[in-house]
Amino acid sequence: AANQPDFDRTAYPVKAMRHLERSDALGTRLLTTDAWAGYVIERFGPDRQKVFLDDRFDMYPPALVDDYDEIADGRPGWRRALAAHRIETVVWPRTRTLVQLLALDEGWTEVYRDDQAVVFTRR
């Protein structure tokens, strides 16, 4: 689908990922949404940027999917899950709860924000 002329990239964190690329921050342990991960894979390939999880849930161990859900939903174990998987960078929709949680957590620094996404790095 990404090779089709009408593929709409506006639904993806294009500017946020460009920021990571310009900042030489590609290649870190990245968490993004399962939906956005497909764009990251298509744009940067596995050689430049791997993702924590994408929308092919059947390809991942159930425990990993549970950890993703814990983080994405901002449930009480979200910090533990991020630390357990050594996530270094988070690219997340700016209106989602995880952004607020990371902004209040002294272990994370906001390094980029646009109308769609926010990027945090671990301190």
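What you see is a predicted model, and the numbers here were worked out from it, not measured in a lab. (Residues numbered from 1 in each chain as written. Predicted model: local features only at pLDDT ≥ 70, side-chain atom pairs only at ≥ 80, totals over all residues. Heavy atoms only, no water.)

What to know about the packing of helix H1 (residues 14-22) against helix H2 (residues 34-48)
For any two helices packed against each other, one specifies the inter-axial angle together with the distance between the axes. For the pair H1 and H2, the least separation of the axes is 10 Å and the interaxial angle reads 20°. Taken together, the axes of H1 and H2 are roughly parallel relative to one another. In the packing of H1 onto H2, the handedness of the crossing is left-handed. Between H1 and H2, the residues in contact are Val14, Met17 and Glu21 and Tyr39, Val40, Arg43, Phe44 and Arg48, respectively. Counted by class, the contact of H1 with H2 contains five nonpolar, no polar and three charged residues. (Axes fitted to C-alpha atoms, helices over the stretch in contact; angles between N-to-C directions. Helix = DSSP H or I, 4+ residues; strand = E, 2+ residues; numbered from the N terminus. Parallel < 35°, antiparallel > 145°, perpendicular 65-115°, else oblique. Left-handed = near helix turned anticlockwise from the far one by under 90°. Contact = heavy atoms within 4.5 Å. Nonpolar A, V, L, I, M, F, W, Y, C, P; charged D, E, K, R; others polar.)

Description of the side chain of Asp105
For Asp105, the location among the structural elements is in the loop between helix H5 (97-104) and strand S3 (108-113). For Asp105, a relative accessible area of 13% corresponds to the buried category. Side chain to side chain, Asp105 and Arg79 meet in a polar contact 2.5 Å long. Leave out the neighbours within four places in its chain, and Asp105 touches Trp78 and Arg79. (Buried < 20%, exposed > 50% of the residue type's maximum accessible area, 1.4 Å probe, protein only. Polar contact = N/O pair within 3.5 Å; in protein donor to acceptor, adjacent residues only side chain to side chain.)

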